[in-house]
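# Coordinate inspection notes
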Amino acid sequence: MKPIKIFFLFFCLLLIIGLIAYIFPKGEIKLTNNTSLYFPSMEDIIKQQKVQYKDITEIVEKNRPNDTIFSFIDTTIFITSKPQADSSIQTSRDTSSLAPRPQKQNVQTQRKISDSTMIQYPNQDISVLYPFFKQLDSLKHNDKLIRILHYGDSQIEGDRISSYLRNQLQKRFGGAGIGLLPIVLPFQTDMPLNITPAKIWNRYTLKNKDNFQHNRFGLLMSFTRFSPHYSNHQNKVYEADVKLKSSSIAYDKVSQYTNFKILYGYNQKPFIMQLKYGKKIADAEMIPVTKKIKKIQWTVPPETNEIKLTFKGEHSPDIYGIAMDGDKGVALDNIPLRGSQGNEFSKVDTAFYKKMLNKLNTKLIMMQFGINLVPSSHEDFKFYEEQFYKQLNTIKSLDEDISIIVIGVSDMSRKSGNRYESYPTVEKIRDAQKNAAFRANCAFWDTFQAMGGKNSMPSWVFADPPLARKDFTHFTYEGSVVIAKMFYKALIHDFFRYQQKQKTKDPKPDSIIDTLETSTR
């Protein structure tokens, strides 16, 4: 083709693009709730401006991941799209270096928690957490084991956020192990424990009841079985096992459990259960018929590397979880409910749920939901406030001594033109969660504000190494540590306020001593 024809072709193409840019409406044309059509304006084409996002340098510097396990692990979660970072987009300051820095162990420093990372209380009444703080404080005088449940959506899958909180609380107050787990994990995610169930196991939830005529799902909102629920009429023997093995991506405390238990119930025929660790069969027994929840508990040697449970019988019990804990201190369970808005709690058998709460001595529940509601087209979220309030109120009504902290929705971004911006629904959902929490007399921690507020998510995504994924929704492991550190500092800050309150009528929160601990494997 002759040069003049090539020039003419490019000239016509630029003319067409310019004409479209001139007549195309400003902003974007919404095709669906989650899809928009955008064409850059002439100004955008002629002068491509660089976009500035929130500066999160100070947040990262104060909450830098110090643990090398977070430098190489990641969770494979569902990502419907993977937008790439634009060359025209930059954060206003460099947040690149997240490598571990030498720190002194147990350094005593004066630290005032900023307003944006403080736990908030209804009518500024910190006493809503006093029942939990009292239990924490009592651990230095007794041999109790208290349990914390961390519920959430896919934001906490793979033990993200929970793992750091568990490790820090166990180092300070005692405890070991990963806590309560299902036999069948709902999704393939990297975990601080390798779980290998036989294929015969089935997991049941509210969405997958398989014609069960009950809602006894317990604390994990699920149960597992090795035989169908109608198997007691078939005279067929079923056999299944599950192997649990320590992982190289775990904190040391995870593998130091000594208390191994299984929670089960409602088997219509006896079954055989065998426990084996290493090459030793530790226990094998016939389990009788029962019509209630039961717990079998074993003491295992510290640093047990692998456990194998084998079940055999004509009719499986409903198995509500396996717990790997220390004998005393703190246990913290990671309970992700992918796709959930946190509205399941009033739908399960609450009397049964209460029995499990009491049997495992639960003292604190953390509720972290919201991202599944963000892409919706709702303008008003009063309906969600009412729904969420119902859930909190349901749990509170079961045990007045259980404290609840609502961990608010995190920032979540969508692409608009040549930049990423927060969904307009994020702050509305955050406000609905906060209102529901305060109405139910629960504490509230504002994740959105702690991570930088509006349009902060891109700074987390484009950090080096990344603190959030390119779905502009989920944190990476390193990002989850930053979030967990901020929350942990706020929680311990208020625990010290509680301790001072027991000693003096006029505590001075700003002078509270906080112990900053370097994370260790």
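Presented here is a report on the structure given in the accompanying data block. Everything numeric in this text was worked out from a predicted model, so none of it was measured. (Residues numbered from 1 in each chain as written. Predicted model: local features only at pLDDT ≥ 70, side-chain atom pairs only at ≥ 80, totals over all residues. Heavy atoms only, no water.)

## Topic: the pattern of salt bridges
Going by this rule: We define a salt bridge as a side-chain nitrogen of Lys or Arg found within 4 Å of a carboxyl oxygen belonging to Asp or Glu. Each helix is a run of DSSP H or I of at least 4 residues and each strand a run of E of at least 2, with the numbering of both proceeding from the N terminus. Only protein chains enter the accessibility calculation, which uses a 1.4 Å probe. A residue is then buried if its area is under 20% of the maximum for its type, exposed if over 50%, and partly exposed in between.
Taken as a whole and judged by the stated rule, the model has 21 salt bridges. Where Arg-439 meets Glu-386, a salt bridge forms, and the shortest distance between an N and an O atom there is 2.9 Å. Linking Arg-439 in helix α8 (residues 426–439) with Glu-386 in helix α7 (residues 382–398), this pair joins segments that are 53 residues apart in sequence. Overall, Glu-386 belongs to the partly exposed group, its relative accessible area being 35%. Among the charged side chains, a network of salt bridges with common partners joins Arg-147, Lys-261, Asp-325 and Asp-333.

## Here's the deal with the sheet that holds strand β16 (residues 306–313)
Formally: Any two strands between which DSSP finds at least two bridges are classified as paired. Note on geometry: axes are lines fitted to C-alpha atoms, helical ones only across the stretch in contact, with angles between N-to-C directions running from 0 to 180 degrees.
Judged by pairing direction, the sheet is antiparallel, and its five strands sit side by side in the order β8-β11-β16-β13-β14 without closing on themselves. Because the sheet does not close on itself, it has two edges, and the strands there are β8 (193–197) and β14 (280–287). Shown here is a sheet whose adjacent strand axes are inclined to one another by a mean of 15°, direction ignored. As paired strands, strand β13 (residues 271–277) and β14 are joined by seven bridges and run antiparallel to one another. Its bridge partner being in β14, Lys-276 is matched across the sheet by Ile-281.

## Points about the side chain of Asp-318
What counts is decided by this rule: The term polar contact refers here to a pair of N or O atoms within 3.5 Å; inside protein, the definition further demands a hydrogen-donor-capable atom paired with an acceptor-capable atom, and it admits residues adjacent in sequence only when both atoms are side-chain atoms. The contact definition used throughout considers only heavy atoms, calling two residues in contact when any of these lie within 4.5 Å.
Within the secondary structure, Asp-318 is located in strand β17 (residues 318–325). A polar side-chain atom of Asp-318 sits 2.7 Å from a polar atom in the side chain of Arg-225. Those residues in contact with Asp-318 that sit more than four places away from it in its chain are His-214, Arg-216, Phe-223, Thr-224, Arg-225, Leu-263, Tyr-264, Gly-265 and Tyr-266.

## A closer look at the sheet that holds strand β6 (residues 145–152)
Here five strands make up an open sheet; going across it, the order is β18-β6-β19-β20-β23 and the pairing parallel. Edge strands, defined here as strands with exactly one partner in the open sheet, are β18 (329–336) and β23 (443–445). Neighbour-to-neighbour, the strand axes of the sheet open up by a mean angle of 20°, direction not taken into account. Against the sheet, helix α5 (residues 162–173) contacts β6, β18 and β19 (362–368), and its axis sits at roughly 175° relative to β18. On the sheet, α8 packs against β20 (403–407) and β23 and is oriented at approximately 160° with respect to β23.

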